[in-house]
Amino acid sequence: MDLVGTGIAFLFRLSFLGEAHREPSAILRQAQQAVLFHPQQEVDKSMRNTAPIAESVHRITIASIGFRACHAIILFACCGLFNNSLAQSPASSASTGEAGPIVVTAGQSVFGKNGFIEYVMGNLPIVISVPHGGYLKPSTIPNRVLGTAGHQDTNTQELAREIIELFRTQTGKVPHVIINRLHRDKLDANRELFDAAQDDPIATEAWNEFHSFIDIAEHRIQQEFGRGLYIDLHGHRHDWQVVELGYLLVSNQLKLSDAELDASVQLATTSLGLILNDRTTPLSQLVRGPRSLGAALEQEGFTTVPSPELPHPDGEPYFSGGYNLEQHSAFSGRKAWGIQVELPTGIREDNARRHAFATAFVKSALGFLSNTWE
Ligand SMILES: [Zn+2]
């Protein structure tokens, strides 16, 4: 089966999930560039996962649609992507690519224009994004000059692919995984648009694809499961070699006692948000209680903060969560518990250790979901 890439309209984001956090001018600029469903021209086939999982089959109609095709068609196309309901291509006369339905199964990849963004479609209520694990440095995109550049989160892309395989082996299903294959010198997919793409149109398009793929995955999870888990996967270079879990809680908040934390911080201001109306689990227990993700990773042998053993960073550098976590978690009203996972170099740069972490993560994430689902 030939998998053809797809770019997704930014307007999809506006309609399904809301964009209250963006500037109107930025939205307009992105909307003007909303050309979708470009065929993938060149794909590194070694990066594809072509093994199908039979139970989740979706029809994707590939076409190129100009901006004038607009909102309704875009919504229709995106709904069809997940509901098997799109029988005919909505291609307009502006179409420049091949059209026609193809079938994509969970575990297989679709790509944005140019192959810069990869979306491994899933069928678990888990979305994993990898914004800083890319290698591609096309000359068509100038290097970013503002903000953080040059620091790639080494081996996070490889780790995500290991995690996919382990989920498949252990559950027969796979998470949704969105990978930015561009190097951070070209696109920082964990920043707001201007900082991320610095006004380059090709990088801007890739940024839109990256976030739209996450949106689509979350929309699907909301439709199928009601809610799920969103992980933004990173690597840190701190000397303190621990796994850092970000919930949009800063060090000073984590330093509070459980009682103080629960009394002073509203769950809605964190990436765990208010997903279940009848939730009774206190925030402190969600982030560092015995059934937290941190506790599970600790039990698997990975020192993690926050966790029952290490409730706060104690003055050490610590990433509390960034742009993606804010945008794609319950903090922004998404039906997804969000966690930024930051791995030290000692895990990422040692193959055996990285594989061990992938194994521990799969077990821990499934445990967290099961604990949090109640
Ligand atoms: Zn990162």
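Up top is the structure.
Description of the structure in this document. (Residues numbered from 1 in each chain as written. Predicted model: local features only at pLDDT ≥ 70, side-chain atom pairs only at ≥ 80, totals over all residues.)

1. Some points on the nonpolar core
- If you look at the biggest cluster of nonpolar residues, it comprises 79 residues, and the most contacted ones within it are Ile128, Ala160, Ile163 and Trp207.
- Here this core spans two domains, since at least three of its residues come from each of domain 1 (10-226) and domain 2 (243-316 + 337-373).
- Setting aside residues no more than four positions away along its own chain, Ala160 makes contact with Ile128, Val130, Val177, Ile179 and Leu233. (Core = buried A, V, L, I, M, F, W, Y, C linked by C-beta atoms within 7 Å. Buried ≥ 20, exposed ≤ 12 C-beta atoms within 10 Å, placed from the backbone. Domains from an automatic or database assignment. Contact = placed C-beta atoms within 7 Å.)

2. Here's the deal with unusual backbone geometry
- Omega for the bond connecting Val305 with Pro306 falls within 30 degrees of zero, at -5 degrees, which places this linkage in the cis form.
- Mapped onto the elements of the fold, Pro306 is located in the loop between strand E9 (304-305) and helix H11 (323-328).
- Its identity as a non-glycine residue notwithstanding, Leu248 has a phi of 65 degrees, on the positive side.
- Here Leu248 is to be found in the loop between strand E8 (243-246) and helix H7 (251-254).
- Given 22 C-beta atoms within 10 Å, Leu248 falls into the buried group. (Helix = DSSP H or I, 4+ residues; strand = E, 2+ residues; numbered from the N terminus.)

3. What to know about the sheet that holds E9
- Read across the sheet, eight strands follow the order E3-E4-E6-E5-E7-E10-E8-E9 without closing on themselves; strand pairing throughout is mixed. Both outer strands of the open sheet, strand E3 (109-111) and E9, are each paired with one neighbouring strand and no more.
- When strand E5 (residues 126-130) meets strand E7 (residues 228-235), the two strands line up parallel, connected through four bridges. Paired with Val127 across the strands is Tyr230, a residue of E7.
- Packed on one face of the sheet, helix H13 (residues 351-373) meets E5, E7 and strand E10 (336-343) and runs near 150 degrees to E7. (Pairing = 2+ DSSP bridges. Axes fitted to C-alpha atoms, helices over the stretch in contact; angles between N-to-C directions.)

4. Let's talk about the packing of helix H4 (residues 156-171) against H13
- Running from amino to carboxyl end, H4 crosses H13 at an angle of 50 degrees, the nearest separation of the two axes being 9 Å. On the basis of their axis angle, the class for H4 and H13 is oblique. Handedness of the H4/H13 crossing: right-handed. Residue-level inspection shows Leu159, Glu162, Ile163, Leu166, Phe167 and Gln170 of H4 in contact with H13, the latter providing Arg354, His355, Ala358, Thr359, Phe361 and Val362.
- Taken together, the residues of the contact of H4 with H13 break down into seven nonpolar, three polar and two charged. (Parallel < 35°, antiparallel > 145°, perpendicular 65-115°, else oblique. Left-handed = near helix turned anticlockwise from the far one by under 90°. Nonpolar A, V, L, I, M, F, W, Y, C, P; charged D, E, K, R; others polar.)

5. Brief notes about the pairing of E5
- Across the five residues of E5, five count as buried, placing the element largely inside the fold.
- Burial along E5 is two-sided: the residues Ile126, Ile128 and Val130 and Val127 and Ser129 are all buried.
- The sheet contact formed by E5 and strand E6 (residues 176-180) spans four bridges and is parallel. Along E6, the bridge assignment pairs Val130 with Ile179.

6. A short note on the pairing of E7
- Burial within E7 is extensive, with eight of its eight residues counted as buried.
- Burial of E7 is two-sided: the residues Gly228, Tyr230, Asp232 and His234 facing one way and the residues Leu229, Ile231, Leu233 and Gly235 facing the other way are all buried.
- The sheet contact formed by E7 and E10 spans eight bridges and is parallel. Bridging from a neighbouring strand, Leu229 pairs with Trp337 of E10.

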